Amino acid sequence: MLRLIAAIASLLAVLLIQIRGSEILNDAHIYRSFASNEIVPDVVDEAPDCWLRVAYKSGREAEGGNRLTPTQTRTVPSLSFNTNERSFYTLLMIDPDTPSRDDPRDREFVHWVVGNIQGNDLDRAETLVEYVGAVPPKGSGMHRFVFLLYEHENRLNFTTEVRLSNRCRNPRRYFSTRNFAQKYGLTNLWAGNFFQAQYDDYVAQLQGQLSECTEYISRSEWPEEWNRVRRLSAP
């Protein structure tokens, strides 16, 4: 009898988790989630219309602000979203809480940029900034890691954009989602998602991988807004 009760309790717990997960990723809740976690207005002015599915090889997914670890998010995630056949999409992943949410003076740190996606095929799209997982500094508390997917009708010209390797730290800091969106006329925020993470031991390994490696930048002209911030922050 005790085993039966325990089995029933375990099953109910699994069902509750599944129900909770489906509630989190219900499109009707996306506005409240982005606002209550202050992604609106810290990063964007309005929430997207629907959730972007973000799944990691660790078996974990972004679920509207759930807590993951840098270890769980170390590999490039798979994405899925509803698409229009004739549209293109551009993806941003950023951390607005650098070096911390209480003191975001380096806002934003860009983790991933992929342009001109068609369908759900990222392999055939243009990767401008290679993926780097969550890298919150030790003692900096919880960070938000935000995925934003913009829809646009025509293929965009990214020939003047910086290309960054996954071993390059600069100029990932001081990125501006709003400036990037304005530069390319990205007005339709199609989908989004986010998770939260704080330091674990994998961060030290990832930090050792990153360097001020300008040799990985394929364009000599940095975006002017990044140059301006770098000049202002220079010692």
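A quick note: this is a predicted structure, and the numbers were derived from the prediction, not measured.

Each value, and the rule that gives it
- Residues numbered from 1 in each chain as written.
- Predicted model: local features only at pLDDT ≥ 70, side-chain atom pairs only at ≥ 80, totals over all residues.
- Heavy atoms only, no water.
- Helix = DSSP H or I, 4+ residues; strand = E, 2+ residues; numbered from the N terminus.
- Contact = heavy atoms within 4.5 Å.
- Areas by Shrake-Rupley, 256 points an atom, 1.4 Å probe, with all protein chains shown as cover.
- Core = buried A, V, L, I, M, F, W, Y, C linked by side-chain atoms within 4.5 Å.
- Buried < 20%, exposed > 50% of the residue type's maximum accessible area, 1.4 Å probe, protein only.
- pLDDT = per-residue confidence, 0-100.
- Phe/Tyr/Trp six-rings, centres within 6.5 Å; stacked < 30°, edge-to-face > 60°.

Asker: So what about the overall build of the chain? Which residues, and what values?
Answerer: Helix and strand content of the chain: six helices and nine strands. If you take every contact in the chain between residues at least 6 apart in sequence, the share linking residues at least 24 apart comes to 76%. For the chain, the exposed area adds up to about 12,500 Å²; of that, 48% sits on carbon and sulfur atoms.

Asker: Requested: an account of the nonpolar core, with residues and values cited.
Answerer: Phe-34, Val-44, Leu-148, Tyr-150 and Phe-180 are the most contacted members of the largest nonpolar core, which has 29 residues in total. Of all the secondary-structure elements, those providing two or more residues to this core are helix 2 (30-36), helix 3 (39-42), strand 5 (88-95), strand 6 (109-117), strand 7 (126-129), strand 8 (143-152), helix 4 (177-183) and strand 9 (188-197). Looking at which element gives the most residues to this core, the answer is strand 8, with three residues. In this structure, Phe-180 is in contact with Thr-90, Leu-92, Val-113, Leu-128, Phe-158, Glu-161, Phe-175 and Leu-186, ignoring residues within four places of it in sequence. Residues Ala-62, Ala-125, Tyr-131 and Leu-149 belong to the second largest nonpolar core, which totals 25 residues.

Asker: Got a sec to walk through the confidence of the model for the chain? Specific residues and values, please.
Answerer: Per-residue confidence for the chain averages 83 on the pLDDT scale, and 79% of its residues sit at or above 70. Low confidence marks residues 4-23, where pLDDT is under 50. Its contacts with residues over four positions away, or in another chain, come to one contact. Note that pLDDT drops below 50 for residues 215-223; the model gives that stretch 25 contacts with residues more than four away or on any other chain.

Asker: How would you explain the side chain of Thr-98 if you had to name every residue and give the values?
Answerer: Of note, Thr-98 is situated in the loop between strand 5 and strand 6. A relative accessible area of 8% places Thr-98 in the buried class. With residues near it in sequence (within four places) discarded, Thr-98 still touches Asp-103, Pro-104, Arg-105, Asp-106, Arg-107, Glu-108, Phe-109 and His-143.

Asker: Quick one: what's the story with unusual backbone geometry, residue by residue and with numbers?
Answerer: Across the junction of Val-40 and Pro-41, the peptide omega takes the value 20°, indicating a cis bond. That bond from Thr-98 to Pro-99 is cis: its omega, 0°, falls within 30 degrees of zero. You can see Pro-99 is positioned in the loop between strand 5 and strand 6. Its identity as a non-glycine residue notwithstanding, Glu-38 has a phi of 60°, on the positive side. Mapped onto the elements of the fold, Glu-38 is located in the loop between helix 2 and helix 3. Although it is not a glycine, Asn-116 sits at a positive phi angle of roughly 55°. Mapping Asn-116 onto the fold places it in strand 6.

Asker: Now, about the packing of aromatic side chains: what can you tell me, with residues and values included?
Answerer: Overall, the coordinates contain twelve aromatic pairs when judged by the stated rule. Measuring from centroid to centroid gives 4.8 Å for Phe-158 and Tyr-184, while their planes differ by 55°, and the two rings are tilted. Linking Phe-158 in the loop between strand 8 and helix 4 with Tyr-184 in the loop between helix 4 and strand 9, this pair joins segments that are 26 residues apart in sequence. For Tyr-184, a relative accessible area of 14% gives the class buried.

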